[in-house]
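# Structural overview
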2 protein chains.
Amino acid sequence: MSMGASTKQGYEIAEKSRKIVKSLIDHKTRHLAPEERAIVERIVHSTADPEYADITKMSGNFVKESMKSIEEGNDILTDINMVRVGINRYNGEVKCYINHDKAVEIAKNEGITRAAAAMKVAASEGFDGIVAIGNAPTALLEVLKLVKYGDMNVKSMIGVPVGFVGAAESKKALQETEIPYIVTEGPKGGTPVAVAAVNSLINLKKE
Amino acid sequence: MSMGASTKQGYEIAEKSRKIVKSLIDHKTRHLAPEERAIVERIVHSTADPEYADITKMSGNFVKESMKSIEEGNDILTDINMVRVGINRYNGEVKCYINHDKAVEIAKNEGITRAAAAMKVAASEGFDGIVAIGNAPTALLEVLKLVKYGDMNVKSMIGVPVGFVGAAESKKALQETEIPYIVTEGPKGGTPVAVAAVNSLINLKKE
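This is a predicted model, so every value here is computed, not measured. (Residues numbered from 1 in each chain as written. Chains lettered and ligands numbered in written order. Predicted model: local features only at pLDDT ≥ 70, side-chain atom pairs only at ≥ 80, totals over all residues. Heavy atoms only, no water.)

Here we come to the packing of aromatic side chains. For the structure on display, the rule yields zero aromatic pairs over all chains. Lying across the ring of A:Tyr52, A:Lys188 places its NZ or CZ 5.7 Å from the centre. (Phe/Tyr/Trp six-rings, centres within 6.5 Å; stacked < 30°, edge-to-face > 60°. Lys NZ or Arg CZ within 6 Å of the ring centre and 35° of its normal.)

Structure follows, in structure tokens:
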């Protein structure tokens, strides 16, 4: 597990961190499959917050469906650019439409957030792959709506929006769908969590 | 406080969140100056983690020196690109050298992390402004060394690297310098914390 390191010193820090993370959360992740464990460990490594071992939940088919999509080189869609630039070792394309002219226009016309409008733009461009939402519950809910009406293809969803308004509810709604998912229950989540989950999947593919 | 929102729905969510954040942490931030309070509130808003109200510490001159640098339009330097793209409403320049050829070369030759090498590149380019470290303790420590030997000008430092290896110690070291600082004590911190602090300062300037 490189944990994003690219130099000798970087690898040494990552290795030390891996051991500390394991000592902190091993008793909580013992019931998980090895791939699921690797994902949770990377999230805790990235946030230095062991609580993520308690609140991170995956559907039974999340790893398998996500790995398949990554192996096929399908696009990855993110809600914000911070998440996009954090996914920096993928062979396929990582897309974000939040600054796209169409997203700005749809947001204005329909009175929705730009992050939600960006999901509509992705759907209209024929998106088909993994969706990673690290920030906006409104974007997550928009994807659920698009999938429900057959307007968007989603192989799996990293649903870890953050915040006290709507984030917890949006993640609950995702868990009630057929979409293979990973979520962080409650208000917590965010860019580093989304990035850690995606990069962990990419790394699993390389091993 | 727009909290990054740009649409009506976005503003409404930000406003609701602001009220919840206040109700959760007001008793902890009462002793702070209004500007300092705004920064801590934005960090808790961005992470949905009230613990940041306990662990976020600033030097008495942090807000004043940072605001001055922002008003002068000085550059802002970040350790990683995720932090850079999160700072999206600054009139000045936001720089990150982690993918710069020179940083890659220095990291290889000196056996240091690329994030640390990137600080050396910034210093050699004559950087003078606010430094925001959201990820790498090695970058924070490199800045302290460069400042100590008079090789780098730093107006203030957002020192919120994250992780179980070296992050807490690097932040302690920053607190012992003369550099105006904000830190998150202990292992926690990260991209959203760094971005929230910088964007809050930019927002204060606009108000």
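From this point, the discussion proceeds with the structure in view.
Moving on to unusual backbone geometry. Residues and elements named next belong to chain A. A positive phi angle, close to 55°, is found at alanine 48, a residue other than glycine. Assignment of secondary structure puts alanine 48 in the loop between α2 (34-47) and α3 (52-55). A relative accessible area of 4% places alanine 48 in the buried class. (Helix = DSSP H or I, 4+ residues; strand = E, 2+ residues; numbered from the N terminus. Buried < 20%, exposed > 50% of the residue type's maximum accessible area, 1.4 Å probe, protein only.)

Right, let's talk about the packing of helix α6 (residues 101-110) of chain B against helix α7 (residues 114-124) of chain B for a bit. For any two helices packed against each other, one specifies the crossing angle of their axes together with the interaxial distance. Residue and element names in this part refer to chain B. Interaxial distance between α6 and α7 falls to 8 Å at its minimum, and their mutual angle equals 120°. On the basis of the axis angle, α6 is oblique to α7. As α6 runs across α7, the sense of the crossing is right-handed. Between α6 and α7, the residues in contact are Lys102, Ala103, Val104, Ile106, Ala107 and Glu110 and Arg114, Ala117, Ala118, Lys120, Val121 and Ser124, respectively. (Axes fitted to C-alpha atoms, helices over the stretch in contact; angles between N-to-C directions. Parallel < 35°, antiparallel > 145°, perpendicular 65-115°, else oblique. Left-handed = near helix turned anticlockwise from the far one by under 90°. Contact = heavy atoms within 4.5 Å.)

Residue and element names in this part refer to chain B. In spatial order, the strands read β1-β6-β5-β4-β2-β3; together these six strands make up an open sheet with mixed pairing. The sheet is open, and its two edges are formed by β1 (56-58) and β3 (94-95), each paired on a single side. Examined bridge by bridge, β1 and strand β6 (residues 181-184) share three bridges and lie antiparallel to one another. Of the residues in β6, the one forming a bridge with methionine 58 is isoleucine 182. Across the sheet, helix α4 (residues 62-71) is in contact with β1, β4 (128-133), β5 (153-159) and β6; its angle to β5 comes to roughly 120°. The strands that helix α10 (residues 191-206) touches are β2 (75-78), β4, β5 and β6; relative to β5, the one it contacts most, it runs at about 125°. (Pairing = 2+ DSSP bridges.)

To continue, consider the relation of the copies chain B and chain A. A rotation about some axis, followed by a shift along it, carries one copy of the chain onto the other. Superposing chain B onto chain A takes a rotation of 180° combined with a translation of 0.0 Å along the rotation axis, leaving an RMSD of 0.0 Å. Taken together, these values place the two copies in the relation of a two-fold axis. When C-alpha positions in chain B are compared against the rotation axis, the closest is assigned to B:Met82, at 2.5 Å. (Least-squares fit on C-alpha atoms with pLDDT ≥ 70 in both.)

Counting buried residues along strand β4 (residues 128-133) of chain A, five of its six residues qualify, which places the element largely inside the surrounding structure. Tracing the backbone out of β4(A), into helix α8 (residues 137-148) of chain A and back to the parallel element strand β5 (residues 153-159) of chain A gives a crossover that is right-handed. (Right-handed = clockwise from strand over helix to strand, strands pointing away.)

In this section: the pattern of salt bridges. Close approach of charged atoms allows side chains with opposite charge to pair. All names here are of chain A. Inspection of every chain in the model, using the stated rule, returns 24 salt bridges over all chains. Of the charged contacts, one joins arginine 18 and glutamate 15 as a salt bridge, the two residues approaching to 3.1 Å between their closest N and O atoms. Within this pair, arginine 18 and its partner glutamate 15 are both found in helix α1 (residues 8-29), separated by three residues, close to a single helical turn. Residue class for glutamate 15 comes out partly exposed when judged on its relative accessible area of 31%. Aspartate 26 is the salt-bridge partner of lysine 22, the closest N and O atoms lying 3.8 Å from each other. (Salt bridge = Lys/Arg side-chain N within 4 Å of Asp/Glu carboxyl O.)

Take helix α9 (residues 167-175) of chain A next. Residue and element names in this part refer to chain A. Where α9 is concerned, the buried positions are Ala167, Ser170, Lys171 and Leu174. The buried side chains of α9 occupy one side of the element, clustering within an arc of 100° when seen end-on. Residues of α9 that are exposed and point more than 90 degrees away from the buried face comprise Glu169 and Lys172. (Arc of directions from axis to C-beta.)

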